[in-house]
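The primary structure of each chain is shown beneath.
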Amino acid sequence: MTSSFADLKRSRTSNLESLLKETQKINQPNTAQGGPDDRFWKPTVDKAGNGYAVIRFLPAPQGEELPWVRYWHHGFQGPSGQWYIENSLTTLGKKDPLTEYNNMLWNRGDQAGKDQARKQKRTLTYIANIYVVSDPSAPQNEGKTFLFKFGKKIFDKLNEAMDPQFEDETPINPFDLWGGANFKMKIRNVEGYRNYDKSEFDSSSALLDDDDELEALWKGEYALAEFTDPKNFKTYEELEDRLNKVLGLDGAAPKPQTKAEDDDDQIALSRPQKTVTAPIQPTADEPSISSDDDDDLSFFEKLAEDD
């Protein structure tokens, strides 16, 4: 981990190598809280669902090793009408009751079980510190540091910048204060979903010209470790109790519908769920789905306050 600003500047090359190793781990399929929080920045979109902003990803906070943190969570409504909005223990490398239950449904082999497992899949979210360079819809955010939640599609953009596909492309560390690059976020509404495919990095440049200002910016970053702190995760038993309540696993839950969902990447967490009554059994890890829309999570958290 970086303990001083001088170390940060001196270790820029090795930092890129370390980040590439971490992305390689992540890209092999195998944080933790949400809700209103003024530390977080969200891009603004118009009525058509389109938006534009320019941000800069910042290096790891002082005392931490990585400039991002990632976590898995679940969000769906059960037949009881209640919502299951919980962090997944798979984030910590532990067994999770819903992961196990979804695998049981999937491995059962029938279409109804697979449909339900798809709808209850875990969602992958990343959090990083950013500096807002330009935010035309909210100019008051410009020149400030925020936390930013994003999904796998944007993370893939970061990974491509560090490890480009073509030989004529120069790899950059997008988290570097001096040799990084601004990220031009271009949001489109494609078939009802936010799409970031046209987003791109600008040419490499220093974020600011003055090292003293950069140091102050770096020291003002938000800590990321809290989002994967085990204390912010419920125990297996607590999650199991909640899951049984939401799914009605006491026998009162209705039978699942049999409509197939062929495109796993387009599953919306907001769809109402039907479920089956079956005991939770330990099985292998479940297939995963990533999301780039952070609006769903905060919405679900409000609905989860049902007790």
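Conventions used here
Residues numbered from 1 in each chain as written. Predicted model: local features only at pLDDT ≥ 70, side-chain atom pairs only at ≥ 80, totals over all residues. Heavy atoms only, no water. Patch = residues over 30% accessible without salt bridge, like charges linked within 9 Å, V, L, I, M, F, W, Y side chains within 5 Å. Areas by Shrake-Rupley, 256 points an atom, 1.4 Å probe, with all protein chains shown as cover. Salt bridge = Lys/Arg side-chain N within 4 Å of Asp/Glu carboxyl O. Lys, Arg positive; Asp, Glu negative; His and termini not counted. Charge placed at Lys NZ, Arg CZ, Asp CG, Glu CD. Helix = DSSP H or I, 4+ residues; strand = E, 2+ residues; numbered from the N terminus. Buried < 20%, exposed > 50% of the residue type's maximum accessible area, 1.4 Å probe, protein only. Core = buried A, V, L, I, M, F, W, Y, C linked by side-chain atoms within 4.5 Å. Phe/Tyr/Trp six-rings, centres within 6.5 Å; stacked < 30°, edge-to-face > 60°.

**Student:** Got a minute to help me understand a negative patch on the surface in this structure?
**Tutor:** A contiguous patch of negative charge, built from Glu160, Glu167, Asp168 and Glu169, is present on the exposed surface. Secondary-structure assignment places Glu160 in helix α5 (residues 152-162).

**Student:** Please explain the pattern of salt bridges as it appears in this structure.
**Tutor:** A side chain of one charge can pair with a side chain of the opposite charge when the charged atoms of the two come close. According to the stated counting rule, one finds 10 salt bridges in the structure shown. Between Lys186 and Glu200 there is a salt bridge, and its shortest N-O distance comes to 3.1 Å. Of this pair, Lys186 sits in strand β6 (residues 181-190) while Glu200 sits in strand β8 (residues 200-204), and the two are 14 residues apart along the sequence. On the accessibility criterion, Lys186 (26% relative accessible area) is partly exposed. By relative accessible area, Glu200 is classed as partly exposed at 35%.

**Student:** It is not clear to me how unusual backbone geometry should be interpreted in this structure. Could you clarify?
**Tutor:** It is generally the case that most residues other than glycine have a negative phi and that most peptide bonds are trans. Here Glu191, not a glycine, exhibits a phi torsion of approximately 55 degrees, which is positive. Inspection of the secondary structure assignment puts Glu191 in the loop between β6 and β7 (193-195). For Glu191, a relative accessible area of 71% translates into the label exposed.

**Student:** Help me out: how do you make sense of the environment of Trp72 in this one?
**Tutor:** In this fold, Trp72 is placed in strand β2 (residues 68-77). The sequence separation of Trp72 and Leu89 amounts to 17 residues, and the corresponding C-alpha distance is 7.8 Å.

**Student:** I keep staring at the pairing of strand β5 (residues 145-150) and nothing clicks. Help me out?
**Tutor:** Within a regular strand, side chains alternate between the sheet's two faces. The buried fraction of β5 amounts to 6 of the 6 residues, a majority that puts the element mostly inside the structure. Here β5 shows a buried face lined by Thr145, Leu147 and Lys149 and a second buried face lined by Phe146, Phe148 and Phe150.

**Student:** Looking at this structure, how should I read the nonpolar core?
**Tutor:** Across soluble globular proteins, you tend to see nonpolar side chains buried next to one another. By size, the foremost hydrophobic cluster in this structure holds 28 residues, and its most contacted members are Trp41, Phe57, Phe148, Phe150 and Met185. Counting residues per element, the ones that place at least two in this core are β1 (51-57), β2, β4 (123-134), β5, α5 and β6. Residues Tyr84, Tyr101, Ala117 and Leu247 belong to the second largest nonpolar core, which totals 14 residues.

**Student:** Please explain the packing of aromatic side chains as it appears in this structure.
**Tutor:** Working definition: an aromatic ring pair is given by the centre-to-centre distance plus the angle between the planes. With the rule as written, the count across this model stands at 15 aromatic pairs. Both rings, one in Tyr126 and one in Phe155, keep their centres 4.3 Å apart while their planes meet at 5 degrees; by these two values the pair is stacked. Here Tyr126, found in strand β4, pairs with Phe155, found in helix α5; they are 29 residues apart in sequence, far enough to count as distant. Tyr126 sits in the buried class, given a relative accessible area of 1%. Judged by centre distance (4.8 Å) and plane angle (50 degrees), the rings of Phe183 and Phe201 are tilted. Placement of the pair is Phe183 in strand β6 and Phe201 in strand β8, with a sequence separation of 18 residues. Its relative accessible area of 0% is what places Phe183 among the buried residues. One aromatic cluster is present, built from ring pairs that chain together Trp41, Phe57, Trp68, Tyr126, Phe148, Phe150, Phe155, Phe175, Phe183 and Phe201.

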